[in-house]
Amino acid sequence: MNEKKYIESQNDCAKLLGQSFSEYNNSLTKIKRSNFKKSTTNERKAKNILNQLGLTEKDLKKRMC
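Residues numbered from 1 in each chain as written. Predicted model: local features only at pLDDT ≥ 70, side-chain atom pairs only at ≥ 80, totals over all residues. Heavy atoms only, no water.

S.K.: I keep staring at the overall build of the chain and nothing clicks. Help me out?
M.R.: The secondary structure content of the chain amounts to 3 helices and 0 strands. Ordered by position from the N terminus, the helices and strands of the chain form the series α-α-α. With 65 residues in all, the chain has 8% of them scored as buried. With the model as given, the accessible surface of the chain reaches about 6,600 Å², and the carbon-plus-sulfur share is 54%. (Helix = DSSP H or I, 4+ residues; strand = E, 2+ residues; numbered from the N terminus. Buried < 20%, exposed > 50% of the residue type's maximum accessible area, 1.4 Å probe, protein only. Areas by Shrake-Rupley, 256 points an atom, 1.4 Å probe, with all protein chains shown as cover.)

S.K.: Explain helix α1 (residues 3–17) here, please?
M.R.: It helps to recall that an α-helix has 3.6 residues per turn; residues three or four apart then point in one direction. The end-to-end C-alpha distance of α1 is 21 Å, a good match for the 21 Å that 15 residues give at a rise of 1.5 Å each. Backbone geometry just downstream of α1 places G18 in the positive-phi region, at approximately 75 degrees. (Expected span 1.5 Å × (residues − 1).)

S.K.: Sorry if this is basic, but what is going on with the packing of α1 against helix α2 (residues 21–29) here?
M.R.: When two helices pack together, their arrangement is given by the angle between their axes and by how far apart the axes lie. For the pair α1 and α2, the least separation of the axes is 9 Å and the interaxial angle reads 90 degrees. Considering their axes alone, α1 and α2 lie roughly perpendicular with respect to each other. Here α1 contributes I7, Q10, N11, C13, A14 and L17 to the contact with α2, which in turn contributes F21, Y24, N25 and L28. Counted by class, the contact of α1 with α2 contains 7 nonpolar, 3 polar and no charged residues. (Axes fitted to C-alpha atoms, helices over the stretch in contact; angles between N-to-C directions. Parallel < 35°, antiparallel > 145°, perpendicular 65-115°, else oblique. Contact = heavy atoms within 4.5 Å. Nonpolar A, V, L, I, M, F, W, Y, C, P; charged D, E, K, R; others polar.)

S.K.: Can you walk me through the pattern of salt bridges in this structure?
M.R.: A side chain of one charge can pair with a side chain of the opposite charge when the charged atoms of the two come close. Under the defined criterion, the tally for this structure stands at 1 salt bridge. Of the charged contacts, one joins K47 and E57 as a salt bridge, the two residues approaching to 3.6 Å between their closest N and O atoms. One end of the pair, K47, is in helix α3 (residues 40–53); the other, E57, is in the segment after α3, and 10 residues separate them in sequence. (Salt bridge = Lys/Arg side-chain N within 4 Å of Asp/Glu carboxyl O.)

S.K.: Just to check I follow, could you spell out the side chain of Q10 for this structure?
M.R.: Within the secondary structure, Q10 sits in helix α1. By relative accessible area, which is 10% here, Q10 ends up buried. Contacts of Q10, omitting those with residues within four sequence positions, involve F21, Y24, N25 and L28.

S.K.: Would you mind going over the environment of L50 with me for this structure?
M.R.: Mapped onto the elements of the fold, L50 is located in helix α3. Overall, L50 belongs to the buried group, its relative accessible area being 12%. In this structure, the C-alpha to C-alpha distance between L50 and L60, residues 10 residues apart in sequence, is 9.5 Å. Sequence-distant contacts of L50, defined by excluding residues within four places in its chain, comprise L55, T56, E57 and L60.

Printed below as a string of structure tokens:
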């Protein structure tokens, strides 16, 4: 992807979100990475969410690395 296509795609994303190009770029700098750590409470919460949706762990796709 060249620079012109990249800028066009950024403009398209900004328009989809109803933002200006500069607002969109500023919002990208504020994104934080999730610090989801494996713990029994987090696993329990995830299982509760799956149960509410009527799903099981087998319904989820396994990530292949």
